Amino acid sequence: MQPYSALSVIWNGLTGQRDWSRQWRDREPKSAYDVIVVGGGGHGLATAYYLAKNHGIRRVAVLERGLIGQGNAGRNTTIVRSNYMLPGNREFYEHTLKLWEGLSHDLNYNLMFSQRGHMALHFDPAGRDAWARRYNTLRMTGSDGRWLRRDEVRARAPYLNWSPDARFPIEGAFVQERAGTARHDALVWGLARAADARGVQIVQNCEVTGFIREAGEIVGVETSRGEIRAPKVALCVAGSTGPLAAKAGLKKLPLETHKLQAFVTEPLKPIVHTVVSSAQEGLFYLSQSDKGGLVFGGEIDGHPSYAQRGGPRIYSEVMEKAVALMPWISRVRVLRQWAGVLDMSMDGAPFICTTRVPGLYFNAGWNYGGFKATPASGWCYAHTIAKDEPHELNAAFSLDRFARGAMLDEEASGPTPRLH
């Protein structure tokens, strides 16, 4: 792999850009590997990368049914934060933010990670107290977060609706300065490039259609390109987890698959310099991309579905809140819309664990948190696969936590995925 540097950029600029090598190789599948990772999104590629880097396991295949990065990895709003409160979540997401802070250097690839801050608005004393509790927890556990008064929020975000008769009268906000955004496709490309350089084989257009079992153990997969064997098979398929896991023998999972819509406007001059979010009266979040488009979204559609397109109800609710918070946005044109397919767990927290099926490993249930969790997810999943036991950071993300009464209900919404 040719390392990227200022010198290589200058040299290729002077020589007609003819000396660049492929970022990664699209491999033909072999008959056997040490580990098969099913799913070529961010989590699958991060898992393969850390298997090679941290554990020296290089005979790894990443099998993707289409092209890498065309699933949920390319269908999200790219927000990175660690403002989680509960033990288990708290340590995991702080670790992922620390990994993000050095990941561009680690991968030798510009992920366009911008620590522009994440500002959560509140509109009444109840909202203030809820966010104060969360951010006090962050401060006491070594992370960052602070309260902004109304005048401080207005200085930072004059584009919000400060009218006395605003539907959502902003009283203040809590901000995590180290949070921000990253380029989603750059993350996929950077991980693919770094994994390939360490010997991982990326196989595209290779759909897993079943599993090979011997004496009750998973020993490989059946694919659209033939049988491929490995003593360890790791699922990383997001919203497709349910149907694929059922083929491996996991037929009753605490998951539902839902759609999450996102929207991008026409390019504008720089206006929004931080991530703005609100969880009161319906979820809403917005940032501005480096190309100038406003990227925003809200709640899931609220009914199970595998369709990668959204419904009009959520579209209307998101636009309604956007205009209420920023009336000027009503004059901006929406260029495109999409829906990602999310695997929503019953408590809003993920799973990174071994399973009761020998040889099968499980990574699912990311709800809204999949993109931001990518580095730590791969880090912990690779450890779990290599050691056959969880890392201390993902020990709480087990499939049996519901039986043990050890839920991680960050939103305090109970076992109802559509409320998370």
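Rules and cut-offs
- Residues numbered from 1 in each chain as written.
- Predicted model: local features only at pLDDT ≥ 70, side-chain atom pairs only at ≥ 80, totals over all residues.
- Heavy atoms only, no water.
- Pairing = 2+ DSSP bridges.
- Helix = DSSP H or I, 4+ residues; strand = E, 2+ residues; numbered from the N terminus.
- Axes fitted to C-alpha atoms, helices over the stretch in contact; angles between N-to-C directions.
- Buried < 20%, exposed > 50% of the residue type's maximum accessible area, 1.4 Å probe, protein only.
- Contact = heavy atoms within 4.5 Å.
- Phe/Tyr/Trp six-rings, centres within 6.5 Å; stacked < 30°, edge-to-face > 60°.
- Lys NZ or Arg CZ within 6 Å of the ring centre and 35° of its normal.

Peer 1: Which residues make up the sheet that holds strand β1 (residues 35-38), and what values go with them?
Peer 2: Strand-to-strand pairing in sheets goes through backbone hydrogen bonds, with the strands running parallel or antiparallel. A sheet is described by the order of its strands in space; here six strands give the open sequence β8-β2-β1-β12-β19-β18, paired in mixed fashion. Of all the strands in the sheet, just β8 (201-203) and β18 (351-354) have a single pairing partner and so form its edges. This sheet shows a mean twist of 15° between the axes of neighbouring strands, independent of strand direction. The sheet contact formed by strand β2 (residues 60-63) and β8 spans three bridges and is parallel.

Peer 1: Please provide a residue-by-residue account of the pairing of strand β19 (residues 360-364), values included.
Peer 2: Of all five residues making up β19, five are buried, and the element is well covered by its neighbours. The two faces of β19 match: L360, F362 and A364 on one face and Y361 and N363 on the other face are all buried. Direction of pairing for strand β12 (residues 232-235) relative to β19: parallel, over a ladder of two bridges. Counted as the bridge partner of V233 is L360 from β19. In the sheet, β18 pairs with β19 via four bridges, with the strands oriented antiparallel. Residue pairing in the sheet places C353 in a bridge with F362 of β19.

Peer 1: So what's going on with the side chain of S305? Which residues, and what values?
Peer 2: Along the chain, S305 falls in the loop between β16 (294-300) and α8 (312-325). Given a relative accessible area of 15%, S305 falls into the buried group. Discounting chain neighbours no more than four positions away, the residues touching S305 are T257, H258, K259 and V341.

Peer 1: Residues and numbers for the packing of aromatic side chains, please.
Peer 2: According to the stated counting rule, one finds 18 aromatic pairs in the structure shown. On the basis of an interplanar angle of 45° and a centroid distance of 6.2 Å, the ring pair of F284 and F296 is categorised as tilted. Remark: F296 occurs in strand β16 and F284 occurs in strand β15 (residues 284-288); sequence separation between them is twelve residues. Three or more aromatic residues joined by ring pairs form one cluster here, namely Y84, F92, Y93, W366 and F397. For R193, the ring lying beneath its charged end belongs to Y4, and the centroid distance is 3.8 Å.

Peer 1: Outline the pairing of β16, supporting the account with residue identities and numerical values.
Peer 2: Most of β16 sits inside the fold, with six of its seven residues counted as buried. Summarising the sheet, strand β13 (residues 255-265) and β16 pair through four bridges and their orientation is antiparallel. If you follow F263 over to β16, its bridge partner there is F296. With four bridges joining them, β15 and β16 adopt antiparallel strand pairing. Paired with L286 across the bridge in β16 is F296. Hairpin connection of β15 to β16: five residues between the antiparallel strands, including G292 at a positive phi of 105°.

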